[in-house]
Amino acid sequence: GNRGRLYVGALLGVSITYNFFTLYFDVDQRILPGSVHAIRHNRYAGVSWAFLHIFLHANLIFAATGIGLVLRFASQSLDSEAHRASSEEAGTLPLSSEFTSSYRWLLCASTGAALLLLLGLGLLHKPAPYVRHRMARTLSRIAFGVLFILLPLVDSRISALGYLGTIGTLITGSVFCEFVLVEADHLRSHGWISGRRRESHGRDSEALERSPQ
């Protein structure tokens, strides 16, 4: 019933929120050994990194508003008369039974834009020399970001919960893959650090051998 759809919508909303959290702290803003944060990289990258957060926060607010609208539609009564009466009693305008185009663009475009802005923040950092999966993650993020932005053009007959479910499923799979790739680069960092230590130790040994006794 409506309560079940509301629970599913809430679960999808929490999932999308957690995925954004994971992308920011565990993927895009994760500074691996040998990489340099944008603020320490150069001043232009640092200023750009700081100001991009304004647009990121705005799109996250829009996305949260879209999720809230989906939850409102998911909990909407099938009896339009009862819904209209409850809306009038609460002093609010009755909500249309259709998830309109403006609502679809609000949810999908803001989610896609937030993904692309998170990517831009991550690219401002100077990568470590051993990182191999940055290009794959970049192309994947661009593809999903553009897909979400254009999703409202697919079919207007999809329900509000259908849009949220599509976004939640795709973003969860994308974030999982990106997290695995970042962890793979992190594991490679141990070999890179060990190699640097062996190289440094070798130079120190050569210096000692060449030094006069």
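Residues numbered from 1 in each chain as written. Predicted model: local features only at pLDDT ≥ 70, side-chain atom pairs only at ≥ 80, totals over all residues. Heavy atoms only, no water.

### Regarding the overall build of the chain
Broken down by element type, the chain carries seven helices and zero strands. Starting at the N terminus and ending at the C terminus, the chain contains elements arranged as α-α-α-α-α-α-α. A total of 213 residues make up the chain; the buried ones form 33% of that total. Restricting the contact set of the chain to residue pairs at least 6 apart, pairs at least 24 apart contribute 80%. Put simply, the chain shows about 12,500 Å² of open surface, and 64% of that area lies on carbon and sulfur atoms. (Helix = DSSP H or I, 4+ residues; strand = E, 2+ residues; numbered from the N terminus. Buried < 20%, exposed > 50% of the residue type's maximum accessible area, 1.4 Å probe, protein only. Contact = heavy atoms within 4.5 Å. Areas by Shrake-Rupley, 256 points an atom, 1.4 Å probe, with all protein chains shown as cover.)

### Quick notes on the side chain of Asn-19
Its location among the elements puts Asn-19 in helix H1 (residues 2–28). Overall, the relative accessible area of 6% leaves Asn-19 in the buried class.

### Points about the pattern of salt bridges
By the definition in use, this model includes five salt bridges. Among the salt bridges present, the one from Asp-28 reaches Arg-137, with a minimum N-O distance of 3.9 Å. Of this pair, Asp-28 sits in helix H1 while Arg-137 sits in helix H6 (residues 134–150); the two residues are 109 residues apart in sequence, bridging distant segments of the chain. Each member of the pair, Asp-28 as well as Arg-137, is classed as buried. Between Glu-178 and Arg-137 there is a salt bridge, and its shortest N-O distance comes to 3.3 Å. You can see Glu-178 sitting in helix H7 (residues 160–210) and its partner Arg-137 sitting in helix H6, a full 41 residues away along the chain. By relative accessible area, which is 2% here, Glu-178 ends up buried. Taken together, the shared-partner salt bridges in this structure form one network comprising Asp-28, Arg-137, Arg-141 and Glu-178. (Salt bridge = Lys/Arg side-chain N within 4 Å of Asp/Glu carboxyl O.)

### Focus on empty space enclosed by the protein
Taken as a whole and assessed by the stated rule, the structure comprises one cavity of 30 Å³ or more. The computed volume of the largest cavity comes to approximately 260 Å³. Taken together, 19 residues form the lining of the largest cavity, with Val-27, Arg-30, Gly-122, Arg-134 and Arg-137 sitting closest to its centre. If you list the elements that add at least two residues to the lining of the largest cavity, you get H1, helix H5 (101–123), H6 and H7. When its residues are assigned to classes, the lining of the largest cavity shows nine nonpolar, four polar and six charged. (1 Å grid on protein atoms, 1.4 Å probe; cavity = no way out; pocket = protein on both sides within 12 Å on 5 of 7 lines; lining within 4 Å. Points joined across faces, edges and corners; volume = space filled by probe spheres on them. Nonpolar A, V, L, I, M, F, W, Y, C, P; charged D, E, K, R; others polar.)

### Some details on the environment of Leu-6
The topology assignment puts Leu-6 in helix H1. It is 8.0 Å that separates the C-alpha atoms of Leu-6 and Arg-72, two residues lying 66 residues apart in sequence. Discounting chain neighbours no more than four positions away, the residues touching Leu-6 are Leu-71, Ala-74 and Ser-75.

### Description of the packing of aromatic side chains
In the structure shown here, the tally under the stated rule is eight aromatic pairs. Measuring from centroid to centroid gives 6.3 Å for Phe-144 and Phe-148, while their planes differ by 55°, and the two rings are tilted. Linking Phe-144 with Phe-148, this pair stays in helix H6, spanning four residues, or about one helical turn. Assessed through its relative accessible area of 0%, Phe-148 is described here as buried. Ring-pair connections join several aromatic residues into one group, and the members of that group are Tyr-18, Phe-21, Tyr-24 and Phe-25. (Phe/Tyr/Trp six-rings, centres within 6.5 Å; stacked < 30°, edge-to-face > 60°.)

### Observations regarding helix H3 (residues 43–74)
Between its first and last C-alpha atoms H3 spans 47 Å; for 32 residues at 1.5 Å apiece the expected length is 46 Å, and the two agree. Among the residues of H3, the N-terminal cap falls to Asn-42, whose side-chain oxygen and the backbone nitrogen of Tyr-44 are separated by 3.1 Å. (Expected span 1.5 Å × (residues − 1). Polar contact = N/O pair within 3.5 Å; in protein donor to acceptor, adjacent residues only side chain to side chain.)

### A short note on the confidence of the model for the chain
Averaged over every residue, the pLDDT of the chain is 84; residues scoring 70 or more account for 79%. Throughout residues 77–81 the model reports pLDDT below 50, and contacts reaching past four residues in sequence, or to other chains, amount to five contacts. (pLDDT = per-residue confidence, 0-100.)

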